[in-house]
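Chain and residue survey
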Amino acid sequence: MFHKGEIPFVRLLIPLILGISFGWFLPKPIVLQWGIISLVFILVAFSLLLIFYKRASLYIYPWILGVMVHVFLFLVGYFLCLKVDERGDPKYFTADADALVLQITNEPKSNGLNMRLQAEVVQCLKNKTFYQTKGKLMVTLKMDSIRPFHLMYGDLLLAPAKFNEVDPPFNPAEFDFKNHLANRQIYHQAFINQQQVIVLKRNAEISIMSFALKLRKKLVDKFYTYLPNKEVAALASALILGYRTDLSKEVLHTYSQTGTMHVLAVSGMHVGIVFLVLSFLLKPLSKNPNTKLLGAILMILSIWFYALITGFSPSVCRAATMLSFVVLGKAFGKSQNTYNLLAISAFFLLLYYPLYLFDVSFQLSYLAVIGLVYLHPKIYQMLFLKNKLFDCIWSYSALSIAAQLATFPISIYYFHQFPLYFLLSNLLIVLPVTLLMYLGIAFLLVPFAILLKPLGLILNGIILFTNIGLQYIQKLPFASLGGMWMSSWQCVLMYTMIICFTWLCMEANKKAFFAFMGLMIVWSFSITYQVIQNQNRHELIFYSLRKNTAIAHIFQGKGTLVTDISSTNKTVDFSIQPTLSSKGACLDKRVSLSDSACSSIYKVYSNFMQFGNFK
């Protein structure tokens, strides 16, 4: 399976990824024109070497052509990454304008008070003259409570040219919203009142995406019409169509704490079930040699249509690309290598949009599938069960363990928590979610109200049962370990340990043993150093907040917070708690600014505070 002839795209993917990484972390060390010249030079040289391959006896030195291909792909990745950044384009919009013409490029999200949307700046107005521009802008509209806007994908708006660069995080360990938006090539944001905006044209762009989003909205409305519980309807929309706008924070928190968040993000599992449904429906076409190719084309179009109406998330695109190659391979009777298929899908997705590489869902999706493909068979073979039911349960358990092993280091790195009962919660939802997908697809396809009402009641019951089960698991002791912080190099070290441990289990030789033990020692030292550092920490932090004041005193793993923020304010979770967690401190004492408090290490009065030697 790992012979280089079987996985050519795995080999080609590596230089492309290196080139994209180089372009992202070390931008523009090479002038663009020189880069294009070097690409052309390599192509010409490669073509000449192919022409004179036999005459020059190049088969003696096969590495020459290999090096050229790898350098070429490295440069392709590098310049694709640079090209995605529109800020260097002369047409990129600037603040030197009176107004901006914006075209909405996503589905606007509203909470009743504000509406957030992404827009392309297609034109600028200066001195009563319009001129073409490009660039993306994040817009937050303060809604009119009496006559709020109803905006959709493709609408054209005229808005004042009042925008700022996206702010970096102002406090330690705070979520980096600037970097998050930069991955989508958004570097500026605007906060505008609804009264300052004019709708120039509704649905200005007639496109496949516009049609798909309208269709998805109709399908979502169908759930709300026939499912009696509105929260359940919101969950059904998320589970089947990837529409997460109406999900409550409580539901998101429950699925996050139980390690089942992947169910709400339409992923490869959902596309796989759609694939199985389509395989059943198109089976007559696949049996006939004359209609086999037609069936394959219909299946690929249907898979991509489902990917379209679910929003083209990286996980769905990965699954759709992979399955497209699987379907084509079967149609033409070609053998397939799973690792090569994975690499092909990643290769073409990165060519289309290089910054997918830094998307969290893209990374988690590919790591999970690699874990499933490589680790699942090995874990499953560790235990043999004669009983078919127990064997089925063990097979899915092995599947869940394999996915968690492959993704938990990067999950901790990004989300700083680990669900301890992930195995129990995933076993609980596997059957309900599978039933939901089959019934949900049938529900969306059936046009008759007489059938939709009982189907809606069944869907409602299954989702309620799933939610009750997950809420019970969430309330169990130590359901989720929070406050887990890992540096980037520790994340890499953890993955290296997993690879060495797998090597040790597979071959059980001395090299694997010593490599794993050496990494374990390095890991133990790093964790010990971190714990000692946190225990000896004595810091005073003044938070940068827009409307409030907060001062944190960290001493020997305990934190004292002096603030005028209420405990229910989301600022605590967003700006304050991450700092304490990242420094290994728990919130021991909370003091209001208007109160007085005193202990052996601090004194707080109305106009005087002392923390240790800080006054």
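Our structure is the block above this text.
Here goes a summary of the coordinates provided. These figures come from a predicted structure and were not determined experimentally. (Residues numbered from 1 in each chain as written. Predicted model: local features only at pLDDT ≥ 70, side-chain atom pairs only at ≥ 80, totals over all residues. Heavy atoms only, no water.)

Structural notes on the overall build of the protein chain
To keep it simple, the criterion reads: Only DSSP runs of H or I covering at least 4 residues are called helices, and only runs of E covering at least 2 are called strands; the numbering of each starts at the N terminus. Every radius of gyration here is taken over C-alpha atoms, with the globule rule written as 2.2 Å times N^0.38, N being the number of residues. Accessible area is worked out with a 1.4 Å probe on protein chains only. A residue is then buried under 20% of its type maximum, exposed over 50%, and partly exposed in between. Every residue pair with non-hydrogen atoms within 4.5 Å of one another is taken to be in contact. We get accessible surface area from the Shrake-Rupley algorithm with a probe of 1.4 Å; when it comes to residues, only the shown protein chains can shield them.
Counting secondary structure elements, the protein chain contains 20 helices and 18 strands. Against the globule reference of 25 Å for 615 residues, the protein chain gives a C-alpha radius of gyration of 28 Å, in line with a compact fold. Looking at the 615 residues of the protein chain, the share that counts as buried comes to 44%. Intrachain contacts of the protein chain at a sequence separation of at least 6 include 68% that bridge at least 24 residues. For the protein chain, the accessible area works out to roughly 33,800 Å², and carbon and sulfur atoms hold 66% of it.

What about the nonpolar core?
To keep things clear, this is the line we draw: What we call a nonpolar core is a set of buried Ala, Val, Leu, Ile, Met, Phe, Trp, Tyr and Cys residues that are connected through their side-chain atoms within 4.5 Å.
By size, the foremost hydrophobic cluster in this structure holds 55 residues, and its most contacted members are Phe223, Leu227, Leu241, Ile303 and Phe443. Once you skip the residues sitting within four places of it in the chain, Ile303 turns out to touch Val271, Phe275, Leu278, Ala320 and Leu323. Counting residues in hydrophobic clusters, the runner-up holds 33 residues, among them Ile42, Tyr78, Val326 and Leu341.

What about the sheet that holds strand β18 (residues 609–611)?
Quick note on the threshold: The criterion for strand pairing is that DSSP finds at least two bridges linking the strands in question.
Pairing in this open sheet of three strands is antiparallel, and the strands run β16-β17-β18 from one edge to the other. Two strands in the sheet have a free side with no partner beyond their single neighbour: β16 (597–598) and β18. Pairing between β16 and strand β17 (residues 602–604): two bridges, direction antiparallel. Following the sheet pairing, Ala597 is matched in β17 by Val604.

Side note on the state of the cysteines
The test is simple: Defined by distance alone, a disulfide is two cysteine sulfur atoms within 2.5 Å.
Counting across every chain of the model gives zero disulfides. The closest cysteine sulfur to the non-disulfide-bonded Cys505 is located on Cys500, 11 Å from its own sulfur. Residue class for Cys505 comes out partly exposed when judged on its relative accessible area of 45%.

Let's talk about helix α9 (residues 268–281)
Which entries qualify depends on this criterion: The span expected for a helix works out to 1.5 Å for each residue beyond the first.
In this model α9 runs 20 Å from its N-terminal to its C-terminal C-alpha over 14 residues, within 8% of the 20 Å that 1.5 Å per residue would give. What α9 keeps buried is the set Gly268, His270, Val271, Ile273, Val274, Phe275, Val277 and Leu278.

A word on the sheet that holds strand β12 (residues 538–542)
As a reminder of what qualifies: Axis definition: a line fitted to C-alpha atoms, limited for helices to the stretch in contact. Angles are taken between N-to-C directions and run from 0 to 180 degrees.
Here we have four strands laid out as an open sheet, ordered β12-β13-β14-β15, and mixed in their pairing. The sheet is open, and its two borders are formed by β12 and β15 (586–592), each paired with just one other strand. Between one strand axis and the next, the sheet turns by 15° as a mean value, whatever way the strands run. For strand β14 (residues 558–563) and β15, the ladder comprises six bridges, and the chain directions are parallel. Its bridge partner lying in β15, Leu561 is registered against Arg590. Together, β12, β13 (550–555), β14 and β15 form the strand contacts of helix α20 (residues 570–582), whose direction differs from that of β13 by roughly 20°.

Let's talk about the packing of helix α13 (residues 338–352) against helix α14 (residues 360–380)
To keep things clear, this is the line we draw: If an angle is under 35 degrees, it is roughly parallel; if it is over 145, roughly antiparallel; if it lies from 65 to 115, roughly perpendicular; otherwise it is oblique. Any residue that is not Ala, Val, Leu, Ile, Met, Phe, Trp, Tyr, Cys, Pro, Asp, Glu, Lys or Arg is counted as polar, Gly included; the first ten are nonpolar and the last four charged.
As a packed pair, α13 and α14 sit with axes 11 Å apart at the nearest point and diverge in direction by 170°. As summarised for this structure, α13 and α14 are arranged roughly antiparallel, according to the angle between their axes. Counted together, Thr338, Tyr339, Leu342, Ser345, Ala346, Leu349 and Leu350 of α13 and Phe362, Tyr366, Val369, Ile370, Val373 and Tyr374 of α14 form the full contact between these two elements. When the residues that make up the contact of α13 with α14 are grouped by side-chain class, the tally is 11 nonpolar, two polar and no charged.

Some words on helix α7 (residues 249–257)
This is how it is decided: Each direction from the helix axis to a C-beta atom contributes to the arc, which is the arc of those directions.
For α7, the set of buried residues is Val251, Thr254, Tyr255 and Gln257. One side of α7 carries all its buried residues, which in axial view fall inside an arc of 165°. On its buried face, α7 sits against α6 (230–241), α8 (261–264), β10 (417–419), α17 (449–474) and β11 (480–482). Two residues or fewer past α7, Gly259 is found with a positive phi of approximately 75°.

Brief notes about the environment of Gln103
To keep things clear, this is the line we draw: For the purposes of these results, a polar contact is taken to be a pair of N or O atoms within 3.5 Å, where, inside protein, one atom must be able to donate a hydrogen and its partner to accept one; residues adjacent in sequence count only when each atom of the pair is a side-chain atom.
Considering the arrangement of structural elements, one finds Gln103 in strand β1 (residues 99–104). Given the relative accessible area of 15%, Gln103 is considered buried. Ignoring any residue separated from it by four or fewer positions in sequence, one finds Gln103 in contact with Gln118, Ala119, Glu120, Val122, Gly154, Asp155, Leu156, Ala204 and Glu205. In this structure the side chain of Gln103 is engaged in a polar contact, spanning 3.4 Å, whose partner is the backbone oxygen of Gly154.

Focus: a nonpolar patch on the surface
Put simply, the rule reads: Surface patches are drawn from residues lacking salt bridges whose relative accessible area is over 30%; two like charges belong together within 9 Å, two nonpolar side chains (Val, Leu, Ile, Met, Phe, Trp, Tyr) within 5 Å. For this document, the term salt bridge refers to a Lys or Arg side-chain nitrogen within 4 Å of an Asp or Glu carboxyl oxygen.
A surface patch of nonpolar side chains, about 470 Å² in accessible area, is lined by Leu293, Ile297, Leu301, Leu328 and Phe332. For the nonpolar patch, the element with the highest residue contribution is helix α11 (residues 292–309), accounting for three residues. Residue placement: Leu293 occurs in helix α11. Its relative accessible area of 41% is what places Leu293 among the partly exposed residues.

So, the packing of aromatic side chains
What counts is decided by this rule: The aromatic pairing rule takes the rings of Phe, Tyr and Trp, using the six-membered ring of Trp, and pairs them if the centres are within 6.5 Å, calling planes under 30 degrees apart stacked, those over 60 edge-to-face and the rest tilted.
Taken as a whole and assessed by the stated rule, the structure comprises 24 aromatic pairs. With centroids separated by 5.7 Å and ring planes inclined at 50°, the aromatic side chains of Phe22 and Tyr78 adopt a geometry described as tilted. Here Phe22, found in helix α1 (residues 8–25), pairs with Tyr78, found in helix α3 (residues 63–84); they are 56 residues apart in sequence, far enough to count as distant. What makes Phe22 partly exposed here is its relative accessible area of 30%. Residue classification places Tyr78 among the buried residues on the basis of a relative accessible area of 1%. With 5.1 Å between their ring centres and 25° between their planes, Trp24 and Phe358 make a pair best called stacked. Residue Trp24 is found in helix α1, and its partner Phe358 is found in the loop between α13 and α14; the two are separated by 334 residues along the sequence.

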